[in-house]
Amino acid sequence: MTSSPHYIPQSDPALPPWQTLPTMYDLPSDNPEEPGLPDDFHFLQPLLLYLTFQPANCNPELVYSAADLNLYYDLEHPLWYKRPDWFGVIGVGKLYKGQDLRLSYVTWQEPANPFVVVELLSPGTEDEDLGTTRISAADKPPSKWEVYERILRIPYYIVFSRYTNELRAFQLVGGHYEPMNLTNGCLLMPEIDLSLGLWLGSFQDIEMLWLRWFTLEGELIPAPTEEVAAATERAMIAEQEATEAKQEATEAKQEAAQAKRKAEQLAERLRQLGVNPDELDELL
């Protein structure tokens with residue numbers, strides 16, 4: 001729940017509004033009825049995950065991912081849902097029944113449950129995201145942890161905090177989540193030939209630590225804009241190399257022509273001295 005903003009009393013002369021009225025930090029985009037803080041990071045980070053979720057061993061037409069989409073999970077309580085910050089599914093097309101964009105993800109109408117879920121910690125959601133809050137009342141929805149682990153049995157559950165840059169991950173083992181260890185800084189998911197890790201770099205012209213997908217060998221999965229930039233850079237390098245090669249060929253041709261002129265000048269001087277340069281070559 002958002003605390004009441006602190007107001008600075010007016011003075012004489014009056015201070016400008018940007019000094020007296022509540023700031024962005026006092027008025028976040030939260031919903032009092034649902035914890036979590038929608039912000040720029042909650043848009044950009046899932047976008048990067050969406051753009052780079054490209055399992056190499058899967059048909060790309062059967063790879064689906066979404067951000068901030070209601071995930072309905074309980075047949076007995078069909079109105080109960082969770083809203084992961086991002087989740088990925090294998091074996092599901094991008095359109096619902098191949099026809100329409102999804103309004104939500106209703107698990108009992110889909111061929112597969114999510115394969116991996118990512119939650120981005122916000123003030124007020126940490127206890128539920130990390131499973132320290134358990135809801136035992138039968139008439140209340142279970143926590144995210146319980147839904148992902150016990151009901152949907154999602155193989156991988158990832159939690160990342162941009163405030164502490166801490167990455168925590170859990171793998172479903174024997175019906176329960178067990179903490180995962182990093183391998184060379186990444187969380188390996190061999191079933192989809194991908195790994196997930198932190199990357200310090202620029203996305204959408206913002207330099208910071210991002211969570212993104214890698215190959216199992218630790219190579220970045222490029223976003224489309226990065227692929228274009230890389231292709232442009234390769235083309236520029238190839239053009240530069242071609243220009244340099246052309247210049248080197250021109251210089252070599254000029255050097256050869258200069259050497260030929262010098263040889264002809266020397267031969268002419270020898271003839272003036274009564275020496276036949278052709279006979280000199282035979283003597284040598």
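Just so it is clear, the structure is predicted and the values come from calculations on it, not from any experiment.

The rules we used
- Residues numbered from 1 in each chain as written.
- Predicted model: local features only at pLDDT ≥ 70, side-chain atom pairs only at ≥ 80, totals over all residues.
- Heavy atoms only, no water.
- Helix = DSSP H or I, 4+ residues; strand = E, 2+ residues; numbered from the N terminus.
- Buried < 20%, exposed > 50% of the residue type's maximum accessible area, 1.4 Å probe, protein only.
- Polar contact = N/O pair within 3.5 Å; in protein donor to acceptor, adjacent residues only side chain to side chain.
- Contact = heavy atoms within 4.5 Å.
- Patch = residues over 30% accessible without salt bridge, like charges linked within 9 Å, V, L, I, M, F, W, Y side chains within 5 Å.
- Areas by Shrake-Rupley, 256 points an atom, 1.4 Å probe, with all protein chains shown as cover.
- Salt bridge = Lys/Arg side-chain N within 4 Å of Asp/Glu carboxyl O.
- Lys, Arg positive; Asp, Glu negative; His and termini not counted.
- Charge placed at Lys NZ, Arg CZ, Asp CG, Glu CD.
- Expected span 1.5 Å × (residues − 1).
- Pairing = 2+ DSSP bridges.
- Axes fitted to C-alpha atoms, helices over the stretch in contact; angles between N-to-C directions.
- Core = buried A, V, L, I, M, F, W, Y, C linked by side-chain atoms within 4.5 Å.
- Phe/Tyr/Trp six-rings, centres within 6.5 Å; stacked < 30°, edge-to-face > 60°.

A.B. asks: Now, about unusual backbone geometry: what can you tell me, with residues and values included?
C.D. replies: One non-glycine residue, asparagine 165, lies in positive phi territory at about 60°. Looking at the secondary structure, you find asparagine 165 in the loop between strand 7 (156–161) and strand 8 (166–173). A positive phi angle, near 55°, is found at aspartate 193, a position not held by glycine. Position of aspartate 193 among the secondary structure elements: in the loop between strand 10 (186–189) and strand 11 (194–203).

A.B. asks: How would you explain the side chain of lysine 82 if you had to name every residue and give the values?
C.D. replies: Mapped onto the elements of the fold, lysine 82 is located in strand 3 (residues 81–82). Taking the relative accessible area as the measure of exposure, lysine 82 reaches 10% and is therefore buried. A polar contact of 2.7 Å, which involves the side chain of lysine 82, links it to the backbone oxygen of proline 142. When residues no more than four places from it in sequence are discounted, the contact partners of lysine 82 are Leu69, Asn70, Leu71, Tyr73, Glu128, Pro141, Pro142, Ser143, Lys144, Val147 and Tyr148.

A.B. asks: Describe a negative patch on the surface, with residues and values.
C.D. replies: Taken together, the side chains of Glu244, Glu248, Glu251 and Glu255 present a region of like negative charge at the surface. Locating glutamate 248 in the fold gives a position in helix 5 (residues 224–272). Glutamate 248 gets classed as exposed once you look at its relative accessible area, which sits at 53%.

A.B. asks: How would you sum up helix 2 (residues 40–52)? Please name residues and give values.
C.D. replies: With 13 residues, helix 2 should cover 18 Å at 1.5 Å per step; its first-to-last C-alpha distance of 19 Å lies within 8% of that length. Of the surrounding secondary structure, the elements contacted by the buried residues of helix 2 are strand 4 (86–90), strand 6 (116–120), strand 7, strand 11 and strand 12 (206–215). N-cap assignment for helix 2: the residue whose side-chain oxygen lies 3.2 Å from the backbone N of phenylalanine 41 is aspartate 39.

A.B. asks: So what's going on with the pairing of strand 11? Residues and values would help.
C.D. replies: Every other side chain in a regular strand lies on the same face of the sheet, so the side chains alternate between the two faces. Buried residues dominate strand 11, accounting for seven of its 10 residues. Examined bridge by bridge, strand 10 and strand 11 share four bridges and lie antiparallel to one another. If you follow leucine 188 over to strand 11, its bridge partner there is serine 195. Hairpin geometry of strand 10 and strand 11 is characterised by an intervening segment of four residues between the two adjacent antiparallel strands and by a positive phi of about 55° at aspartate 193. Where strand 11 and strand 12 come together, 10 bridges link them in antiparallel fashion. Residue pairing across strands places glycine 201 opposite methionine 208, the latter belonging to strand 12. Where strand 11 hands over to strand 12, the hairpin turn is made up of two residues, of which glutamine 204 adopts a positive phi near 55°.

A.B. asks: Help me get a handle on the sheet that holds strand 11, residues and values and all.
C.D. replies: Here we have three strands laid out as an open sheet, ordered 10-11-12, and antiparallel in their pairing. Each edge of the sheet is formed by a strand with only one pairing partner; in this case those strands are strand 10 and strand 12. Geometrically, the sheet is characterised by an average inter-axis angle of 30° between neighbouring strands, direction not taken into account. Across the sheet, helix 2 is in contact with strand 11 and strand 12; its angle to strand 12 comes to roughly 30°.

A.B. asks: Could you give an account of the nonpolar core, naming the residues involved and the relevant values?
C.D. replies: Counting residues in each nonpolar core, the largest one holds 31 residues, and the members touching the most others are Val116, Ile158, Met189 and Trp213. Looking at this core, the elements with two or more residues in it are helix 2, strand 6, strand 7, strand 8, strand 10, strand 11 and strand 12. Setting aside its immediate chain neighbours within four residues, isoleucine 158 contacts Val116, Val117, Val118, Glu119, Leu167, Arg168, Ala169, Leu187, Met189, Leu196 and Leu211. In this structure, Leu71, Ala112, Val117 and Val159 belong to the second largest nonpolar core, which totals 24 residues.

A.B. asks: Kindly report on the sheet that holds strand 8, identifying the contributing residues and their values.
C.D. replies: The strand order across the open sheet built from six strands is 1-4-6-7-8-9, with neighbouring strands paired in mixed fashion. In this open sheet, the two strands that pair with only one neighbour each are strand 1 (63–66) and strand 9 (176–179). Averaged over neighbouring strand pairs, the angle between their axes works out to 20° when direction is ignored. Judged from the six bridges that link them, strand 7 and strand 8 form a sheet pairing that is antiparallel. Note on strand 8: the bridge partner recorded for valine 159 is arginine 168. Strand contacts of helix 2: strand 1, strand 4, strand 6 and strand 7, with the helix running at about 155° to strand 6, the strand carrying the most contacts.

A.B. asks: Please provide a residue-by-residue account of the packing of aromatic side chains, values included.
C.D. replies: Applying the stated criterion to the full structure yields 17 aromatic pairs. Aromatic side chains phenylalanine 53 and tryptophan 86 sit 5.2 Å apart centroid to centroid with 80° between the ring planes, which places their arrangement in the edge-to-face category. Of this pair, phenylalanine 53 sits in the loop between helix 2 and strand 1 while tryptophan 86 sits in strand 4; the two residues are 33 residues apart in sequence, bridging distant segments of the chain. Of the two residues, phenylalanine 53 and tryptophan 86, both sit in the buried class. An aromatic cluster of at least three residues, connected via ring pairs, comprises Trp145, Tyr148, Tyr157, Phe170 and Tyr177.

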